[in-house]
Amino acid sequence: MHLDVALSTLVHLLTTPQLLFLMTIAVPMGIFFGSTPGLGGKLGLVLLIPIVFGMPALTGAVFLCAMHAVVHTGGSIPSILVGVPGDGPAAATVLDGYAMTKKGLAGRALGASFGASTVGGLLGAVFLGLSLSILEPMILMFSPAEFFLLALLGITFIAMLSGNNFLKGLISGFFGLMVAFIGLDPSTGDERYTFGQLFLWDGVSIIVSVLSMFAIPEMISLGVKGRSFDPAVAAAAAGKSEFVARAAAEPVSPPARPMKVKVSYAQIWEGMWDVVVHKWLVLRCALLVAAIGVIPGLGGDAAAWMAYGHTVQSSKNPETFGTGRVEGVIGAETGSCAKEAGSLLPTLFFGVPGSSGMAIMLGAFLMLGLQPGPTMLTEHLDIVWSLIWALAIANVICVIMLVAAAPWIAKLGSVKAGFLIPYVIVLALLGCYIYGGNWQNLVLIAVMGSIGYMFKRHDWPRAPFVIGVILGPIAEDSLLKSLALGGIGFFFRPISMVLVALIIGSIAFYIYRSRKPALNKAAAVKQDLGKPEVKHA
Amino acid sequence: MLKRLLAISAVALAATAPAHAADNNIFNGKTITYIVATAPGGGYDTYGRLTVRYMQKYLPGSRFVVKNVPGAGHIVGANTISAARPDGLTIGTFNTGLVYDQLLKRPGVRFDLNKMSWIGKASNDTRALVVSKKSPYKSFDEILNSKTPVKFAASGIGSAAYIETRILQDALHVPIQIVPGYDGNEAELAMLRNEVVAQIGTANSLEQFVNNGGGYFALTISETNDLPMVPKASQYAKDDRAKKLVALVSTLSHIGRLTVGPPGMPPAQLAALREALMASLKDPGFLAEAKKLDLPIVPASGAEVEALIKQILNQGTDTVAYLNHAAS
Amino acid sequence: MLEGRILISGIMFAIFLAAVGFALTYAPDARLLPLTVGIPGLILTAVQLVKELREQHPEKIDPRDFPREVRMLGWFFLFVGGLVLFGFIKAGPVLVASYLYFAGKEKWYVCLIAGAVVAGILYGVFEWFLGLPLFEGLVFQWIYG
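Along each chain, residue indices are assigned from 1 in the same order as the chain's sequence is written. Each chain gets a letter, beginning with A, and each ligand a number, beginning with 1, in the order they are written. For this predicted model, a pLDDT threshold of at least 70 governs which residues receive local features, and a threshold of 80 or more governs which side-chain atom pairs are given and counted, while totals over whole chains, interfaces and linings are taken from all residues.

Enquirer: A description of the overall build of chain C should follow, citing residues and the corresponding values.
Expert: Runs of H or I in DSSP of at least four residues are treated as helices and runs of E of at least two as strands, each being numbered from the N terminus. Tallying secondary structure elements over chain C gives six helices and zero strands in all. Listed by position from the N terminus, the elements making up chain C come as α-α-α-α-α-α. Seen along its three principal axes, the alpha-carbon backbone of chain C occupies a region of about 55 × 45 × 25 Å. Here exposure depends only on C-beta density: within 10 Å of a residue's C-beta, 20 or more other C-beta atoms make it buried, 12 or fewer make it exposed, and intermediate numbers make it partly exposed, the C-beta atoms being placed from the backbone. Buried residues in chain C amount to 32% of all 145 residues.

Enquirer: Quick one: what's the story with the overall build of chain A, residue by residue and with numbers?
Expert: Secondary structure summary: chain A contains 25 helices and two strands in total. Two residues qualify as a contact pair if the distance between their C-beta atoms, derived from the backbone, is within 7 Å. Intrachain contacts of chain A at a sequence separation of at least 6 include 79% that bridge at least 24 residues.

Enquirer: How would you explain the nonpolar core if you had to name every residue and give the values?
Expert: The nonpolar core criterion groups buried Ala, Val, Leu, Ile, Met, Phe, Trp, Tyr and Cys residues into a set whenever they are joined through C-beta atoms within 7 Å. Grouped together as the largest cluster of nonpolar side chains are 325 residues, with contacts concentrated most on A394 and L429 of chain A. Dropping the residues within four chain positions of it, L429 of chain A is found in contact with L442 and I445 of chain A together with F79, V80 and L83 of chain C.

Enquirer: Go over the sheet that holds strand β6 (residues 150–153) of chain B with me, naming the residues and quoting the values.
Expert: Residues and elements named next belong to chain B. Only when DSSP finds a minimum of two bridges between them are two strands counted as paired. One open sheet holds the five strands; their spatial order is β7-β6-β8-β5-β9, and the pairing between them is mixed. On the outer flanks of this sheet lie β7 (176–179) and β9 (215–220), each paired with one strand and no other. Strand-to-strand, the axes of this sheet are offset by a mean angle of 35 degrees, without reference to chain direction. Note that strand β5 (residues 127–132) and β9 share five bridges and pair antiparallel. Axis angles are defined between N-to-C directions and span 0 to 180 degrees, where every axis is a line fitted to C-alpha atoms and, for a helix, only to the segment in contact.

Enquirer: Mind laying out the interface of chain C and chain A, listing which residues take part and the relevant values?
Expert: Interfaces are often sized by the accessible area lost when the parts come together. On the chain A side, the residues contacting the 45 residues of chain C number 42 residues. At the level of elements, α1 (4–23), α2 (28–53), α3 (65–86) and α4 (88–102) of chain C are the ones that each hand at least two residues to the side of chain C that touches chain A. Split by residue class, the side of chain C that touches chain A holds 32 nonpolar, seven polar and six charged. Ten residues, namely Ala, Val, Leu, Ile, Met, Phe, Trp, Tyr, Cys and Pro, are considered nonpolar, four, namely Asp, Glu, Lys and Arg, are considered charged, and the remaining ones, Gly among them, are considered polar.

Enquirer: Describe in detail the interface of chain A and chain B, supporting the description with residues and values.
Expert: Contact residues are listed per partner, giving 34 residues for chain A and 32 residues for chain B. Within the residue set of the side of chain A that touches chain B, elements represented by two or more residues are α3 (40–52), α18 (356–367) and α23 (463–486) of chain A. Here the side of chain A that touches chain B is built from residues that sort into 19 nonpolar, 11 polar and four charged.

Enquirer: Give a description of the packing of helix α16 (residues 300–313) of chain A against α23 of chain A that names residues and reports values.
Expert: For any two helices packed against each other, one specifies the crossing angle of their axes together with the interaxial distance. Residues and elements named next belong to chain A. Two numbers describe how α16 lies on α23: the axes approach to 10 Å, and their chain directions differ by 125 degrees. With respect to their mutual orientation, α16 and α23 come out oblique. Relative to α23, the crossing made by α16 is left-handed. For the pair formed by α16 and α23, the contact residues are D301, A302 and W305 on the first element and I467, I470, L471 and I474 on the second. Its residues assigned to classes, the contact of α16 with α23 shows six nonpolar, no polar and one charged. Here the word oblique covers every angle except those under 35 degrees (roughly parallel), over 145 (roughly antiparallel) and from 65 to 115 (roughly perpendicular). Crossings are assigned a handedness: left-handed for a near helix turned anticlockwise from the far helix by less than a right angle, right-handed for a clockwise turn.

Enquirer: Can you lay out the domain arrangement of chain C for me, pointing to particular residues and giving the numbers?
Expert: Domain assignment breaks chain C into domain 1 (4–53) and domain 2 (65–144). Where each domain starts and ends comes from a domain assignment, either automatic or drawn from a database. Of note, the centres of domain 1 of chain C and domain 2 of chain C, computed from C-alpha atoms alone, are 36 Å apart.

Enquirer: Could you give me a rundown of the packing of helix α7 (residues 106–130) of chain A against helix α15 (residues 279–294) of chain A, with the residues and numbers involved?
Expert: Residue and element names in this part refer to chain A. Running from amino to carboxyl end, α7 crosses α15 at an angle of 50 degrees, the nearest separation of the two axes being 9 Å. Relative to α15, the element α7 lies oblique. In the crossing of α7 with α15, the sense of the turn from one axis to the other is right-handed. Contact residues: α7 offers A116, V119, G120, L123, G124, F127 and L128, while α15 offers V282, L283, C285, A286, L287 and A290. By residue class, the composition of the contact of α7 with α15 is 11 nonpolar, two polar and no charged.

Enquirer: Provide a residue-level description of helix α21 (residues 417–436) of chain A, including the pertinent values.
Expert: Residue and element names in this part refer to chain A. Given the number of residues in a helix, its expected span is that number minus one, multiplied by 1.5 Å. In this model α21 runs 28 Å from its N-terminal to its C-terminal C-alpha over 20 residues, within 8% of the 28 Å that 1.5 Å per residue would give. Most of α21 is tucked away, with 19 of its 20 residues classed as buried. Trailing α21 by a residue or two, G437 shows a phi angle of about 75 degrees, which is positive.

Enquirer: Let's hear about the pairing of β6 of chain B: which residues, and what values?
Expert: All names here are of chain B. Residues V150 and F152 of β6 are buried on one face, and the alternating residues K151 and A153, pointing to the opposite face, are buried as well. Relative to β7, β6 runs parallel, the two being bridged by four bridges. Paired with A153 across the two strands is V179, which belongs to β7. Here is how to tell: hold the view so the strands point away, follow the path from the first strand over the helix to the second, and if it runs clockwise the crossover is right-handed. For the crossover that starts at β6, traverses helix α6 (residues 160–171) and ends in the parallel β7, the hand is right-handed. Examined bridge by bridge, β6 and strand β8 (residues 198–202) share two bridges and lie parallel to one another. When the sheet's bridge partners are listed, F152 is paired in β8 with A198.

Enquirer: For unusual backbone geometry, give the residues involved together with the corresponding values.
Expert: Negative phi values dominate among residues other than glycine, just as trans dominates among peptide bonds. Residue and element names in this part refer to chain B. Its identity as a non-glycine residue notwithstanding, H74 has a phi of 80 degrees, on the positive side. Position of H74 among the secondary structure elements: in the loop between β2 (63–68) and α3 (75–83). Even without being glycine, H173 reaches a positive phi, approximately 55 degrees. Tracing the backbone shows H173 in the loop between α6 and β7.

Enquirer: Could you give an account of the pairing of strand β4 (residues 117–123) of chain B, naming the residues involved and the relevant values?
Expert: All names here are of chain B. Judged by how many residues are buried, β4 sits mostly within the fold: seven of seven residues are covered. Pairing between β4 and strand β10 (residues 256–261): five bridges, direction antiparallel. Each bridged residue has a counterpart across the sheet, and for S117 the counterpart in β10 is G261.

Enquirer: Can you explain the confidence of the model for chain C? Please cite residues and give values.
Expert: On a range of 0 to 100, pLDDT expresses the predictor's confidence in each residue. Counting all residues, the mean pLDDT for chain C is 87, and 98% of those residues have values of 70 or more. In the predicted assembly, ipTM is 0.92 and pTM is 0.83.

Enquirer: A description of the confidence of the model for chain A should follow, citing residues and the corresponding values.
Expert: A residue-level look at chain A finds 83% of positions with pLDDT of 70 or above and a mean pLDDT of 78. Note that pLDDT drops below 50 for residues 228–259 of chain A; the model gives that stretch 54 contacts with residues more than four away or on any other chain.

Enquirer: Describe the environment of Y34 of chain B, and please don't skip the residues or the numbers.
Expert: Residues and elements named next belong to chain B. By the element assignment, Y34 lies in strand β1 (residues 31–36). Owing to 20 C-beta atoms within 10 Å, Y34 belongs among the buried residues under this scheme. Sequence separation between Y34 and L172 is 138 residues, and the spatial gap between their C-alpha atoms is 39 Å. Contact partners of Y34, with chain neighbours within four places excluded, come to G48, V52, F64, V65, V66, I91 and G92.

Enquirer: Describe helix α13 (residues 317–327) of chain B, and please don't skip the residues or the numbers.
Expert: All names here are of chain B. Within α13, the full set of buried residues consists of Y322, L323 and A326. Axial view of α13: buried residues confined to an arc of 100 degrees, hence all on one face. Along α13, exposed side chains directed more than 90 degrees from the buried face belong to T317 and N324. Of the surrounding elements, those touching the buried residues of α13 are α4 (98–103), α6 and α9 (240–253). The arc under discussion is defined with respect to the helix axis, by the directions toward the C-beta atoms.

Enquirer: Please give an account of the environment of N225 of chain B that cites residues and values.
Expert: Locating N225 of chain B in the fold gives a position in the loop between β9 and α9. Separated by 99 residues in sequence, N225 of chain B and T126 of chain B place their C-alpha atoms 8.7 Å apart.

Enquirer: Quick rundown of the environment of F492 of chain A? Include the residues and the values.
Expert: Examined against the element boundaries, F492 of chain A turns out to sit in the loop between α23 and α24 (494–513). On a C-alpha basis, the gap between F492 of chain A and I216 of chain A in space is 44 Å, while along the polypeptide they are 276 residues apart.

Have a look at this one:
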């Protein structure tokens, strides 16, 4: 199992000052790019390529991998503190992470997020290393039929993520699917719902969808209510920490100063300990996502949401997700980070990028003189292992840096609402523009942002919408390809049948679950909140 | 005596001055935006970013900024370049395949390649057919003579690869079942999974796949000499329709990684840009970097590209009719 | 006055109605999936709309919220309009400073500083450091374009 190569490359990485230095500066860069909406790892990689150009192959590749590994961790910071997702997967973190901040649990959310990202990234790297030999047959087993069924499985999560608003959630999900259909039809090349606008030919980008559903409504809501704490929500969690009780007592009259988010290290450790408590969830999510990430064609966004969906589905009380369940943060973050490790594999071995970030990496590898392909396994095993270790080490460096800086980072959560709103709106609009390059996206976000605000205002679940937007194109594209390649018979292959069974099982499970008495729900929620009080220093 | 010496020196100096002295200081202190019609990363972006670094060197005092304007298969970027002010401060690159979009009068096209200011091109775009090693077909002839339709992967409907696949199907009567929707390298993966047999693409992009043993070059549609041992499509073109369409594809293949500006650029600016581009494409440093990036460089001047484009776009109506038939 | 919850249900119903309507004009292959999703969606939104209309015990709305919502949405559209017309670097700082002054009721010098910081970030980080040209705004495109 290449143990000797694995160990020697690790030692080399840890004992070469130049490499350590580069990994250490790559991490803050990754965090910066990840935390700015729309910039994302892709652009970061492109901008770093000229810097990396003259370096020897190993050095350059390690630097880029290290930066890319922590982008999602960076994205979790604004997601949790301000409710602004940096990219598609980050929106899953917003759902419960931001809710936790509103309950006064920002520190715990951050700790859980950092811990989960690191562990997820590490597990993904381990999975990568272990599966090197069985990789090729595994990738080749998945065809468009399986992609379609995987996408369908993800779509069934819409029901799961609707909480108590099943009908609204379903409509939200269907709305997401309809938005996904905007663009050129893959089977005929005809324009659908584009109304002559060229910028819509490629559809509505995930950044626009996610920012208009989460960031904009949050900012508008902040402007209306004047505070990030919702006293009702805080009162419900009263007894958990002293300053939440104080918040509950404050009158509702904007523009009130929001409560200072005092984040102590104790809270952060508590969050990280949560990751240990939920270790099986972390393991399951990491494996699920790394496996999906390995298969090019499903995409990184889908993988991260599948992890979140699985988290919700496997919990005792799915309908409480979105109100601040720490498992939600853990599942989402493990998912986002593990997928990057997974998608490294097809990039290296087939020259087929497993995600859009990997597409850039591929270009960078070629530029550095690395030829992706089966020869990587035979001639450049040391480079492969070095990259795997780089992913792991970068995650460790990242968590150390973030935990150390956490109290200062958390101050972001207590910035006065009035200051935050205009900055975030400009940043969100900027992110959409940078990502898509067309000013018309700004008008689109105005329209969708308004709808997003109304969704938030009237309790329409927004997570199903994101699932629809992400999985819709994959589902349609795969379905058409499957039918073109093999007709209906394509779906009767072994793996397809397993997936069909999973889908039916998933739906059945949900129906069975929704019959449980409400009492169980109250008991489980109490159990979650009834953890030992952490004394604040 | 001195006067005569001075006179002789003056004449000698004048004689050694370059014949077409474009004023390369014309962009001193100016910022030139180079528009790439794709998202960051990928072939066009890489070529573009490399090119501007060297053009900057040959236009002293200038600053180049790369702007990505993706969308609608390069059409948005091309529209943007075309609509820009023709003062030489906005130029860019897009897929040569947009020629098809103009010939087919695709909605959304707001550029006229005939009128744009051509600055030069960096490479060839040799179109070739790659067949999977896992398929039962060992040569193009076997595919041609197949009794059942052969599955070809293609990118989106309306893309250059799709149109060229249709040309093979329609004009060369190859029994093809096109499966569209494979973007980027997905088609190669599909070939490895034995879902499809073949795909048409740029020879340089597919080279690695072939070298790794995934497939072989079965046919080249271009008359360029990038793939000398591979049979040429022109051998199989029997009738007027086939000959004209293959000639169209072949001529287009000579223009890859183009650089162009909006219509109506003043001659001084255009000359300066053309000269700077050619100098860049021949610069030893540039060539070394390009080699390292595995980017083949086959330069041609703006004047040559302009002539080729005009030749392509002024095809007879019969060719356009053939193309319309193939693309429908 | 139309309650928000009825409005959003109505909007969703209208969206699905329009989507199905347009889908029917597309080619058979192109309209397959939009109709598969659109028609059930239309039914669901109709059910939801009826449910809202017949709601006996609607949620309590704070009457102070409505004018604030209108104001906030107005600011949002102003931001979008400003950025689209005048670009990020010029409109960004002005919009941020204006919001802080008028809506946030901050002191004028605080607004100016905030505006300057925004300008600094937009220009310094994005245009200068990252080399990413930002949108100049339709007005300036028209003047200089």
